[in-house]
Amino acid sequence: MPPKKRKADGEVAVAGAARPPSTSLLAALSEAAARPLSWRKVSADGLDVDYCRLLDGALADRTLAALEEDVDYFTGDLAQVFVFGKWHDIPRQQCSFGDAGLSYKFSGRTVPARPWPQSLLALRAAVERAAGTDFNFVLVNRYRSGADHMGEHQDAEKELDPAAPIASLSLGQARDFVFKHRDARRPRPHKRDIPPVKILLEHGSLLLMNHPTNQVWYHSLPARRSCPGVRVNLTFRRMLRA
Ligand SMILES: O=C(O)CCC(=O)C(=O)O
Ligand SMILES: [Fe+2]
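Numbering of residues starts from 1 in each chain and follows the order in which that chain's sequence is written. Chains carry letters and ligands carry numbers; both start at the beginning, A for chains and 1 for ligands, and go up in the order they are written. Reporting in this predicted model follows two pLDDT cut-offs: at least 70 for local features of residues, and 80 or more for side-chain atom pairs to be given and counted; totals over whole chains, interfaces and linings ignore these cut-offs and use all residues. Side-chain measures here rest on the full set of heavy atoms in the structure, leaving out hydrogens and waters.

Engineer: Teacher, can you tell me more about the overall build of the protein here?
Structural biologist: Helix and strand labels come from DSSP, where a helix needs a run of H or I of at least four residues and a strand needs a run of E of at least two; each type is numbered from the N terminus. Secondary structure assignment for the protein yields 4 helices and 15 strands. The C-alpha atoms of the protein give a radius of gyration of 17 Å, which matches the 18 Å a tight globule of 242 residues would have. In terms of its C-alpha atoms, the protein occupies a principal-axis envelope of roughly 55 × 40 × 40 Å. Taking the intrachain contacts of the protein between residues at least 6 apart in sequence as the baseline, contacts between residues at least 24 apart amount to 79%. Asp and Glu are treated as the negative residues and Lys and Arg as the positive ones, with His and the ends of the chain left uncounted. Charged side chains are reduced to one point each, which is NZ for Lys, CZ for Arg, CG for Asp and CD for Glu. Side-chain charges in the protein split into 35 positive and 27 negative, and the spacing between the mean points of these groups amounts to 4 Å. Note that the radius of gyration is over C-alpha atoms, with the globule rule given as 2.2 Å times the number of residues to the power 0.38. Only heavy atoms matter for contacts: two residues are in contact if any of them lie within 4.5 Å across the pair.

Engineer: Mind showing me how you'd approach the sheet that holds strand β1 (residues 40-44) here?
Structural biologist: What holds strands together in a sheet is hydrogen bonding between their backbones, with the strands either parallel or antiparallel. At least two bridges found by DSSP between two strands are what make those strands a pair. Reading across from one edge, β1-β2-β13-β10-β15-β8-β5 is the order of the 7 strands in this open sheet, with antiparallel pairing throughout. In the strand order of this sheet, the two ends are held by β1 and β5 (93-98), each with one partner. The mean inter-strand angle of the sheet, taken between neighbouring strand axes irrespective of direction, is 20°. Strand direction decides the pairing type here: strand β2 (residues 47-53) and strand β13 (residues 205-209), joined by 5 bridges, are antiparallel. Bridge pairing links Arg53 to Ser205 in β13. Lines fitted to C-alpha atoms define the axes, with helix axes restricted to the stretch in contact, and inter-axis angles between N-to-C directions lie between 0 and 180 degrees.

Engineer: How should I be thinking about empty space enclosed by the protein in this particular structure?
Structural biologist: Rolled over the atoms, a probe sized like a water molecule indicates the empty space that remains. Cavities and pockets were defined on a 1 Å grid built from protein atoms only: a cavity is a group of points that admits a 1.4 Å probe but offers it no way out, a pocket is an open group of points flanked by protein on both sides within 12 Å along at least five of seven lines, and a lining residue is one with an atom within 4 Å of any such point. Grid points are joined across faces, edges and corners, and a volume is the space filled by probe spheres set on the points. Counting across every chain of the model gives 1 cavity of 30 Å³ or more. Looking at the largest cavity, the residues that line it are Tyr104, Lys105, Phe137, Glu157, Glu159, Leu160, Arg237 and Met239. Of the residues contributing to the lining of the largest cavity, the split by class is 4 nonpolar, no polar and 4 charged. For this classification, the nonpolar set comprises Ala, Val, Leu, Ile, Met, Phe, Trp, Tyr, Cys and Pro, the charged set comprises Asp, Glu, Lys and Arg, and every other residue, Gly included, is treated as polar.

Engineer: So what exactly am I meant to see when it comes to the site of ligand 1 here?
Structural biologist: Residues are counted as near a molecule or strand when any one of their heavy atoms sits within 4 Å of it. Neighbouring ligand 1 are 14 residues, the closest being Tyr143, Asp155, His219, Arg231 and Arg237. Two N or O atoms count as a polar contact when they lie within 3.5 Å, although within protein this holds only if one can serve as hydrogen donor and the other as acceptor, and sequence-adjacent residues are included solely when both atoms are side-chain atoms. Asp155 is positioned such that a nitrogen or oxygen atom in its side chain is 3.1 Å from an oxygen atom of ligand 1. Accessibility throughout is a Shrake-Rupley quantity obtained with a 1.4 Å probe, and a residue counts as covered only by protein chains that appear here. Summarising the interface, the protein chains cover 98% of the accessible area of ligand 1, which totals 290 Å² for the free molecule. Those elements that provide at least two residues to the shell around ligand 1 are β8 (137-143), β9 (150-153), β14 (217-221) and β15 (231-237).

Engineer: Would you mind going over the UniProt feature "binding site: substrate" (unreviewed entry) in the protein with me for this structure?
Structural biologist: Under the UniProt annotation, "binding site: substrate" (unreviewed entry) lies at Phe84, Gly85, Lys86, Tyr104, Lys105 and Phe106. Residues that both appear in the annotated list above and line the largest cavity are Tyr104 and Lys105. The topology assignment puts Phe84 in the loop between β3 (80-83) and β4 (86-89). The rule is simple: take the accessible area with a 1.4 Å probe, protein chains only, and divide by the maximum for that residue type; under 20% is buried, over 50% is exposed, in between is partly exposed. On the basis of relative accessible area, Phe84 is assigned to the exposed category, the value being 84%. Apart from residues no more than four positions distant in its own chain, Tyr104 is found in contact with Ser96, Arg109, Thr110, Val111, Phe137 and Leu139. UniProt positions are given in the numbering used here, feature names are shortened, and annotations may be inferred rather than shown by experiment.

Engineer: Would you explain the pattern of salt bridges in this entry?
Structural biologist: When the charged atoms of two side chains lie near each other, side chains of opposite charge can form a pair. Salt bridges are defined as contacts in which a side-chain nitrogen from Lys or Arg sits within 4 Å of a carboxyl oxygen from Asp or Glu. Per the stated rule, a full pass over the model turns up 15 salt bridges. Of the charged contacts in the structure, one is a salt bridge between Arg142 and Glu68, with a shortest N-O distance of 2.9 Å. On the criterion of sequence distance, the pair formed by Arg142 in strand β8 and Glu68 in helix α2 (residues 57-70) is long-range, its members being 74 residues apart. Given a relative accessible area of 15%, Arg142 falls into the buried group. One salt bridge in this structure joins Lys158 and Glu159, with 3.4 Å as the shortest N-O distance. Judged by relative accessible area, Lys158 falls into the exposed class, the value being 70%. One salt-bridge network, held together by shared partners, links Asp45, Asp183, Lys191 and Arg192.

Engineer: Help me understand the coordination of the iron ion (ligand 2) in this model?
Structural biologist: Ideal geometry at a metal centre gives angles of 109.5 degrees when four donors are arranged tetrahedrally and 90 or 180 degrees when six donors are arranged octahedrally. Water is not among the atoms examined, so metal sites may look incomplete; donors are the N, O and S atoms within 2.8 Å of the metal, or within 3.2 Å for Na, K and Ca. In the first shell of the iron ion (ligand 2), the protein supplies His153 (NE2), Asp155 (OD) and His219 (NE2), at 2.0 to 2.1 Å from the metal. Coordination of the iron ion (ligand 2) draws on donor residues from a single chain, spaced H-x1-D-x63-H in sequence. Across the pair, exposure class does not vary: His153 and Asp155 are buried alike.

As structure tokens, then:
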């Protein structure tokens, strides 16, 4: 179970926030994070992750509905990536929020963090309490159907504090999340024969990717035609200031 740490006083000012979520949702999120959580540890060579159900079904439904209302996803250039000399639509919707002054490097562009909507501040506080860590940035990915996906990658950018976990909260359609060791990726022959680790990320679940997981393992969210529902995933991160 991750260590508990109190968040420092002094909340971030919210500019341009959408309609505030109901106080009952804020209170329910704060209660959910204060409950004792039942963590499952998954470990392998250099892999260290913790998994729990942070929000029960009803609260996860309400949180997803609030985010569907509050979050606008990137459009235009920011919804595209440049791969092998061509622009492609990313196979999902994406946006990011963070504390003032932070920015995010994405496919050669620097995207300034947007100010936190109220519902996301409440969710961040719940995730911080559960994880025992403070976060200053979140990347939100919305998978419109089972065709939407995320390819194999590591979140090991130099702007990320390597000592802090990345906390991944999932809402909506349950989907498989697959870790592959860096020495066991295709193309064959692999340097080592290490089996992938697959975790089903359920509605309301929280996955903590602890150091050094992101330095040693890649992860992906493969397409799943048999999982047609909408899924929203939030990866809370701690970025270092330049
Ligand atoms: O949607 C997911 O569970 C994966 C998200 C992820 O890997 C990322 O945002 O870097
Ligand atoms: Fe990732």
